[in-house]
Protein chains: 2
Amino acid sequence: MMRLSKILTFLIVSCCGIVTAANAQGLNWTEVAPGVWKTVVGNPDEYDLLKAAGVAPKVEALAKIGQAAFPLPESDIAGQVQGGKTALRFPLERGEQIYGFGLNFQSVHQRGKILRLHVDHYGGEDNGRTHAPVPFYVSSNGYGVFVNAARYIDVYAGAAARIDSENPPEARDRNTDENWTSRPYSDAVEMLVPAAGVEVYVFAGPTPLDAIRRYNLFNGGGPLPPRWGLGFTQRVHKLYTAEQTIAEAKAFEEKGYPLDFIGLEPGWQSKAYPCTFEWDKGRFADPEKFVQELKGMGVKVNLWTNPYVAPEASIYDEILPYTASHTVWVGAVPDLTMPKAQDIFWSAFEENHVDIGVSGYKIDEVDGYDRYLWPDVATFPSGVSAEQMRQTYGLLVQKQSTRLFRERNTRTYGLVRASNGGGTSFPYVIYNDYYKHEDFITALVNSGFAGVLWTPEARASKTGEEWLRRMQSVVFSPMAMINAWSSGTKPWSFPEVAEEVKAMAILRMQMMPYWYSAFAKYHFEGTPPFRAMNLEEGFTQDQSAATLADSQVNLETNPYAEAVRREVKDQYMAGEYLLVAPMFTGQTSRKVILPQGRWYDFYTGEFVGGGEVITVTPGLEKIPVYVKDGGIIPMMAPMLHAPKAGEKVAMEIRHYGEKPGTYRLYDDDGETFDYEKGEYTWREVVVERRSNGKLRGSISKAERGMPNTFGKVSWNFMTN
Amino acid sequence: MMRLSKILTFLIVSCCGIVTAANAQGLNWTEVAPGVWKTVVGNPDEYDLLKAAGVAPKVEALAKIGQAAFPLPESDIAGQVQGGKTALRFPLERGEQIYGFGLNFQSVHQRGKILRLHVDHYGGEDNGRTHAPVPFYVSSNGYGVFVNAARYIDVYAGAAARIDSENPPEARDRNTDENWTSRPYSDAVEMLVPAAGVEVYVFAGPTPLDAIRRYNLFNGGGPLPPRWGLGFTQRVHKLYTAEQTIAEAKAFEEKGYPLDFIGLEPGWQSKAYPCTFEWDKGRFADPEKFVQELKGMGVKVNLWTNPYVAPEASIYDEILPYTASHTVWVGAVPDLTMPKAQDIFWSAFEENHVDIGVSGYKIDEVDGYDRYLWPDVATFPSGVSAEQMRQTYGLLVQKQSTRLFRERNTRTYGLVRASNGGGTSFPYVIYNDYYKHEDFITALVNSGFAGVLWTPEARASKTGEEWLRRMQSVVFSPMAMINAWSSGTKPWSFPEVAEEVKAMAILRMQMMPYWYSAFAKYHFEGTPPFRAMNLEEGFTQDQSAATLADSQVNLETNPYAEAVRREVKDQYMAGEYLLVAPMFTGQTSRKVILPQGRWYDFYTGEFVGGGEVITVTPGLEKIPVYVKDGGIIPMMAPMLHAPKAGEKVAMEIRHYGEKPGTYRLYDDDGETFDYEKGEYTWREVVVERRSNGKLRGSISKAERGMPNTFGKVSWNFMTN
């Protein structure tokens with residue numbers, strides 16, 4: 001009987017989720033990669049974010065960031081299973097700020113927030129419901145924390161006060177004390193994961209950016225898009241025919257607007273919402289000919305879809321046993337965790353699209369709304385819960401569709417409406433229907449904390465001014481897209497700004513070497529190409545802001561210190577050297593916070609300031625962009641399409657400011673995965689000051705036998 | 001080994017929450033009271049809504065409604081445990097509408113909604129977060145469903161479509177079909193309860209109102225307030241002293257405004273937010289004298305509090321071991337499920353308040369916001385989870401505070417900001433800070449579906465018009481309250497409407513016999529005193545609306561049918577006979593939907609219509625109120641304070657319309673619980689038409705030895 005009772009005890013403890021406080025003390029942290037630690041609390045789910053993503057860490061690249069000590073006091077971290085859920089606690093210091101928790105649209109500082117991380121279309125409030133509610137946060141103290149659960153996680157990001165806290169808030173009398181607050185001080189991030197256990201990861205710095213880089217590299221590094229993915233893209237009206245689409249591409253060419261890929265909306269399918277994934281023979285009589293004809297014009301085809309299978313789809317009967325208990329608009333929901341479902345589902349995509357040359361997808365409606373998607377009561381044949389599926393469906397479609405292209409040694413670059421932790425490496429950009437320009441920029445700021453890409457797409461505008469302002473932002477983003485499926489807007493639709501829009505689109509193309517290298521650094525080194533000011537070294541390098549007493553910090557006595565203490569959500573860093581400060585409709589001037597150091601106007605090379613807040617009045621035709629002292633920006637000759645593999649282009653290398661500078665320029669064939677076999681080069685660009693005081697630039701030769709895109713190089717020292 | 005494996009199987013099935021589809025078929029329904037059935041799915045939580053409320057069903061009253069068959073096809077109901085949660089499904093027919101799911105503020109029709117029932121301050125959207133997110137719904141087909149779980153329940157109220165449904169929605173092509181909808185037809189209410197089992201109750205009709213009555217009686221029937229609770233109440237500024245409060249009461253008396261109880265706000269306590277529950281000796285030097293002095297003026301005292309214990313409270317050290325892991329504004333959160341915590345906590349209330357004559361409480365902040373209350377990661381010493389505590393804290397404070405008064409054989413009537421299923425019988429009215437007049441009326445409409453009371457309180461107003469319009473609504477509600485703690489507004493603050501406000505306040509007092517009888521019917525028979533038009537017999541009695549084809553129903557061809565198909569949320573039934581149609585600021589006229597039958601103006605007795613939509617222009621001084629044909633409204637002489645036990649008042653009995661009528665007038669001592677021992681009378685009022693065509697009224701004598709409040713009776717046949 002002893003033996004029996006032992007077995008019973010084991011069973012109760014290990015399977016029932018009633019292990020109260022089993023792990024309350026002594027979490028064991030194991031370093032699983034350089035500067036990356038993991039712990040396990042309770043009995044985690046079989047299925048989680050990292051399993052859904054299924055990506056290998058870039059261990060060598062992590063090692064290059066360097067070894068580091070565990071960045072937090074271990075004894076201040078707690079994890080325990082209570083009532084079948086897992087409670088986690090991480091300490092916060094006074095003055096510490098935290099960033100992240102996914103693709104937020106209105107806030108950058110997350111300390112004080114209460115969130116419920118839930119994949120959904122963004123609903124206008126930073127409450128955790130967003131397209132990529134990544135359970136990862138970064139501290140201004142230089143570390144990151146990731147919770148690997150495909151669950152709706154409740155987050156109290158410095159918003160809960162324990163009765164036994166060693167740093168309790170002060171008790172105040174609301175009757176008479178003006179300093180009473182409804183949100184007292186909290187010294188911890190607490191989370192509740194609705195599962196009887198969870199894996200947690202901690203990422204070392206030393207800087208916040210290093211912690212992000214480690215997170216990204218641990219998840220395979222950022223995606224390296226094909227070069228054409230960084231060109232210009234337009235999406236056409238949902239009922240366009242093959243002929244209308246080709247005419248549209250021709251119009252771009254004739255009018256001199258760049259176009260690298262064109263997106264078809266639902267009407268390319270014979271039925272949509274739910275989908276057949278098959279071409280509508282009325283609008284597209286010969287899809288292969290259509291795709292090839294566009295290809296001949298230098299324009300790739302991207303296809304909209306959602307993953308819900310229409311009863312009329314040819315795969316419907318076959319996939320039915322591998323679909324959910326509930327439908328989405330009567331469409332079957334494939335259980336994409338099941339190999340059989342994957343085979344049936346993606347075979348339709350291979351046969352109908354990829355094999356005839358389609359370049360990628362826009363995968364819609366994998367995020368929300370609740371009233372669209374399967375309910376949380378739904379079941380899936382694999383046993384993965386509706387909640388887990390909701391949290392990971394975006395990851396699954398990204399991973400699995402990427403595989404179709406990888407198998408053909410062709411890169412893809414597409415759009416998706418949901419992602420999550422673990423999804424860093426997928427070549428997809430998130431978009432949505434929210435369309436508030438200011439908040440789109442804040443999303444761009446936050447994307448860099450979340451290991452995702454985001455496009456502030458232009459759809460339609462009420463005025464030429466708005467159209468131009470939106471296009472200016474689009475050009476300084478991961479995907480330069482007009483998403484005109486509904487409005488039918490063309491880049492030239494507002495004649496009064498058509499030339500200015502064209503100039504911006506061409507600037508985007510000229511800057512392709514800079515963007516491409518920025519993405520290579522995302523891929524190989526983990527540095528997000530678009531990111532918050534808070535990650536910029538000079539932004540808070542001088543800790544004057546943090547160390548000044550409250551009374552010393554105000555806009556009059558110390559405007560810069562005050563500015564960086566506040567949430568900065570309307571300007572961002574793009575690539576290594578650029579600071580972008582978009583203008584919004586109705587603005588003629590704006591304030592720009594220039595970090596410590598010296599900054600120069602991108603267009604003129606003129607010195608504009610440093611460690612200060614400036615007010616700029618750039619005119620309608622310009623988006624304010626500034627370059628760090630010593631900044632090097634490689635640009636190419638203006639072209640309407642990205643260089644193809646093997647094509648050579650002339651190059652202008654710009655230098656800004658007074659400091660010498662160095663830059664690493666990335667090159668490969670721009671189209672295949674051969675870079676994974678080492679077929680790429682980093683070319684060293686150096687700008688030095690000669691003994692005569694003049695600047696001189698040099699660039700290392702391309703390695704023999706390696707791709708070499710760049711022909712003649714001219715130098716442009718922008719600051720005299 | 002056979003025996004061991006059997007035990008293991010049992011353990012896995014019974015304790016692990018992995019019992020997939022264990023109860024998918026064949027739920028067993030047990031009739032637990034007349035017309036009330038219960039089933040158990042899986043292994044329900046130990047702690048639930050009904051355990052928190054702890055109220056005995058009124059079985060005899062239920063029996064009077066009558067026996068009934070189980071009102072749904074049993075085979076269409078499903079319940080199963082999946083992934084540790086419980087999924088429930090109930091069928092919906094075409095054309096069926098559902099109501100309820102708690103205190104919603106903007107909608108009455110709940111079919112199509114997705115809700116997450118979560119106790120919270122109302123956030124401006126009917127998404128399940130509200131003060132009383134009662135998991136109970138009523139069908140237009142005449143039955144009710146209640147889920148007895150103290151959990152955040154996900155509700156898909158006809159918003160999810162199963163792939164194996166026998167009534168599936170039609171598949172449509174969004175590309176070309178204009179009838180495509182993002183919300184396809186759903187034939188079921190589905191719910192997901194985050195617990196490995198749950199108790200579910202079904203209530204028979206035959207009418208929707210009968211189902212509600214059964215629900216209310218099963219939960220002990222509605223509360224019977226003291227008579228004074230139905231009088232007028234004012235809440236004074238938070239820092240008022242004893243002297244200022246007494247002066248305020250005197251001002252009411254002098255100016256001729258009724259006042260039955262006066263509410264003190266946080267400043268009566270020595271510290272608040274968190275609270276000491278002790279009098280501030282500066283503002284209230286002699287609390288007992290203060291309370292007794294007001295009592296001598298006919299005015300009772302109500303005390304604001306929240307339940308969070310300040311470190312300065314004398315009970316702090318003693319209660320600390322019985323409080324939560326987390327604080328609310330640094331206050332300890334008593335685990336009110338624990339007898340020891342209850343003893344310590346409520347002893348402070350008895351000693352400091354109830355024993356010196358305080359009449360009741362306004363219990364604040366037991367609802368939300370998330371940023372105020374304990375986080376969901378908090379633990380409580382009883383082991384009840386933070387979620388369960390959040391869902392039931394409003395029930396606990398109502399139940400336990402009521403007990404203090406019951407032990408002294410004195411009724412109370414107070415305010416609370418949270419309730420839930422099971423809370424029908426508690427003498428508390430819900431209020432909040434949302435303050436949108438239109439939505440306050442919709443809450444009044446919905447309160448009748450949820451077994452709760454709601455006050456559309458007046459706080460402040462921008463104009464005299466708004467003040468008067470709000471006061472008019474307040475008078476036709478469960479609690480006639482001015483909540484002026486912040487604004488300091490008095491009933492007479494707008495001189496231009498001061499007389500009209502006074503007239504309304506006096507009307508409230510005159511109607512006390514009608515209100516008191518309506519509450520008695522709530523208590524003894526389960527009929528909500530304030531309720532939706534949808535529960536009124538004549539509203540959809542003629543099923544023309546439901547049976548007309550869509551094309552026949554529009555505002556031109558059949559305006560009444562069209563009106564009752566729509567959501568009616570700005571008019572309601574009050575007591576047996578009154579239809580109230582409030583006016584909102586800026587309106588000079590409004591539409592009123594008069595159910596089938598004949599309806600008469602409350603003020604003049606004139607016929608206004610029936611089975612039609614009328615437009616009325618009542619003038620500023622009147623709130624539109626209509627009386628059903630044969631309606632009898634007992635009124636008393638105008639008084640500034642409710643009659644005390646034993647006091648006799650003159651009475652006017654009004655009759656409206658042409659039909660004879662009957663009415664049951666309730667009477668008891670108005671103050672104690674002696675009615676529970678049978679010390680009450682129902683007096684029969686009959687209006688007959690004599691042979692000469694004239695109406696004649698009669699009232700049965702009060703039973704000997706029973707309370708008898710009514711003296712001289714005069715008759716008023718309003719319609720000639």
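What you see is a predicted model, and the numbers here were worked out from it, not measured in a lab.

Student: Help me understand the pattern of salt bridges in this model?
Tutor: Two side chains bearing opposite charge may form a pair once their charged atoms approach each other closely. All names here are of chain A. Inspection of every chain in the model, using the stated rule, returns 85 salt bridges over all chains. The partner of glutamate 562 in a salt bridge is arginine 566, with the nearest N and O atoms 3.0 Å apart. Residue glutamate 562 is classed as buried on the basis of its relative accessible area, which comes to 12%. What makes arginine 566 partly exposed here is its relative accessible area of 45%. Taken together, the shared-partner salt bridges in this structure form one network comprising Asp364, Asp367, Arg417, Asp433, Glu457 and Arg459.

Student: What's the story with helix α6 (residues 287-296) of chain A in this structure? I'm lost.
Tutor: An α-helical turn contains 3.6 residues, so a residue and the one three or four places further along point in the same direction. All names here are of chain A. Looking at α6, one finds that the buried residues are Pro287, Phe290, Val291 and Leu294. For α6, the angular spread of the buried residues around the axis is 95°, confining them to a single face. For α6, exposure combined with an orientation more than 90 degrees from the buried face picks out Lys289 and Gly296. Where α6 is buried, its residues contact α5 (242-255), β14 (261-264) and β15 (300-305). Phi turns positive one or two residues past the end of α6, at glycine 298, with a value near 85°.

Student: Is there a simple way to think about the side chain of His326(A) in this case?
Tutor: Within the secondary structure, His326(A) is located in the loop between α7 (316-319) and α8 (339-352). Judged by relative accessible area, which is 3%, His326(A) ranks as buried. There is a polar contact of 2.6 Å between the side chain of His326(A) and the side chain of Glu190(B). Not counting residues up to four positions away in its chain, the partners in contact with His326(A) are Val333(A), Pro375(A), Val377(A), Ala378(A), Ala160(B), Ala161(B), Arg162(B), Ile163(B) and Glu190(B).

Student: Sorry if this is basic, but what is going on with the sheet that holds β15(A) here?
Tutor: Paired through their backbone hydrogen bonds, the strands of a sheet run either parallel or antiparallel. Residues and elements named next belong to chain A. Strands sit in the order β19-β18-β17-β16-β15-β14-β13-β20 across an open sheet of eight strands; the sheet is parallel. Each having just a single partner strand, β19 (453-454) and β20 (480-483) make up the two edges of the open sheet. Two elements, strand β17 (residues 414-416) and strand β18 (residues 428-430), share three bridges in a ladder whose sense is parallel. The residue bridging glycine 414 from the neighbouring strand is tyrosine 428, located in β18. Taken strand by strand, α5 contacts β13 (232-235) and β14, and its axis lies near 150° from that of β14.

Conventions used here
- Residues numbered from 1 in each chain as written.
- Chains lettered and ligands numbered in written order.
- Predicted model: local features only at pLDDT ≥ 70, side-chain atom pairs only at ≥ 80, totals over all residues.
- Heavy atoms only, no water.
- Salt bridge = Lys/Arg side-chain N within 4 Å of Asp/Glu carboxyl O.
- Buried < 20%, exposed > 50% of the residue type's maximum accessible area, 1.4 Å probe, protein only.
- Helix = DSSP H or I, 4+ residues; strand = E, 2+ residues; numbered from the N terminus.
- Arc of directions from axis to C-beta.
- Contact = heavy atoms within 4.5 Å.
- Polar contact = N/O pair within 3.5 Å; in protein donor to acceptor, adjacent residues only side chain to side chain.
- Pairing = 2+ DSSP bridges.
- Axes fitted to C-alpha atoms, helices over the stretch in contact; angles between N-to-C directions.

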